[in-house]
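Spelled out, the chains give:
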Amino acid sequence: MFTTRVLRQAAQHAERTPSIKFLGKRTIPASIDHTPQPHPASPTHVLPKSFTEGSHSSFSSYRDHAQQFGPLRKTIAASQAGIGGLAGAELGPVAAPTGFYFDRNELPARFHRAPISLAEIEAVETGGAAAFA
């Protein structure tokens, strides 16, 4: 009993060394090379031709021609037959190809959703407790 007390007191007064080793203050590198480099695990250790022989000399020239959910460039001539060049009515009717359906209700009746009964709704809302009451 007394040995436990003595060990606790000795442990409280002992110097504790943290298990985390601090590296010190961080330094920012003077220059960082941002040129494209091949990945170290690449099989050929060379960049793809699209990186080396690109048609865009800068990011801004790339952005002028890039598209993501439509063109990023704000000025598109109405005479171009690109996005927004034609009215929706001029594009023709929208119909699903043969064998494809837009909605589940267009399928045969065996594929329709099963109707939910009031008892099932009650069981879901009460977590199943009403089913046994």
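This one's a predicted model, so the numbers in the text were calculated from it and none came from an experiment.

Thresholds, definitions, all that
- Residues numbered from 1 in each chain as written.
- Predicted model: local features only at pLDDT ≥ 70, side-chain atom pairs only at ≥ 80, totals over all residues.
- Heavy atoms only, no water.
- Helix = DSSP H or I, 4+ residues; strand = E, 2+ residues; numbered from the N terminus.
- Buried < 20%, exposed > 50% of the residue type's maximum accessible area, 1.4 Å probe, protein only.
- Areas by Shrake-Rupley, 256 points an atom, 1.4 Å probe, with all protein chains shown as cover.
- Polar contact = N/O pair within 3.5 Å; in protein donor to acceptor, adjacent residues only side chain to side chain.
- Expected span 1.5 Å × (residues − 1).
- Patch = residues over 30% accessible without salt bridge, like charges linked within 9 Å, V, L, I, M, F, W, Y side chains within 5 Å.
- Salt bridge = Lys/Arg side-chain N within 4 Å of Asp/Glu carboxyl O.
- pLDDT = per-residue confidence, 0-100.

## As for the overall build of the chain
- For the chain, the count of helices and strands is four helices and zero strands.
- In sequence order, the secondary structure elements of the chain are arranged as α-α-α-α.
- Each of the 133 residues in the chain was classed as buried or not, and the buried ones make up 3%.
- Roughly 13,300 Å² of accessible area belongs to the chain as shown, and the carbon and sulfur atoms make up 59% of that amount.

## A closer look at the side chain of Ser 42
- Its place among the elements puts Ser 42 in the loop between helix H1 (2–13) and helix H2 (49–52).
- Taking the relative accessible area as the measure of exposure, Ser 42 reaches 15% and is therefore buried.
- Within the structure, the side chain of Ser 42 is placed 3.0 Å from the backbone nitrogen of His 45, a separation counted as a polar contact.

## Brief notes about helix H4 (residues 118–125)
- For H4, the tally of buried residues reaches only zero of eight residues, placing the bulk of the element at the surface.
- Just beyond H4, the residue with positive phi is Gly 127, at close to 75°.

## What about H1?
- For H1, with twelve residues, the first-to-last C-alpha span of 17 Å sits near the 16 Å given by 1.5 Å per residue.
- Among the twelve residues of H1, zero are classified as buried, and the element is accordingly described as predominantly exposed.

## Thoughts on a nonpolar patch on the surface
- A contiguous nonpolar patch, built from Ile 116, Leu 118 and Ile 121 and spanning about 330 Å² of accessible area, is present on the exposed surface.
- Ile 121 sits in the partly exposed class, given a relative accessible area of 36%.

## Section: the confidence of the model for the chain
- Per-residue confidence for the chain gives a mean pLDDT of 78; residues scoring 70 or more make up 77%.
- Taking the mean pLDDT of every element in the chain, the minimum, 69, falls on H2 and the maximum, 89, on H4.

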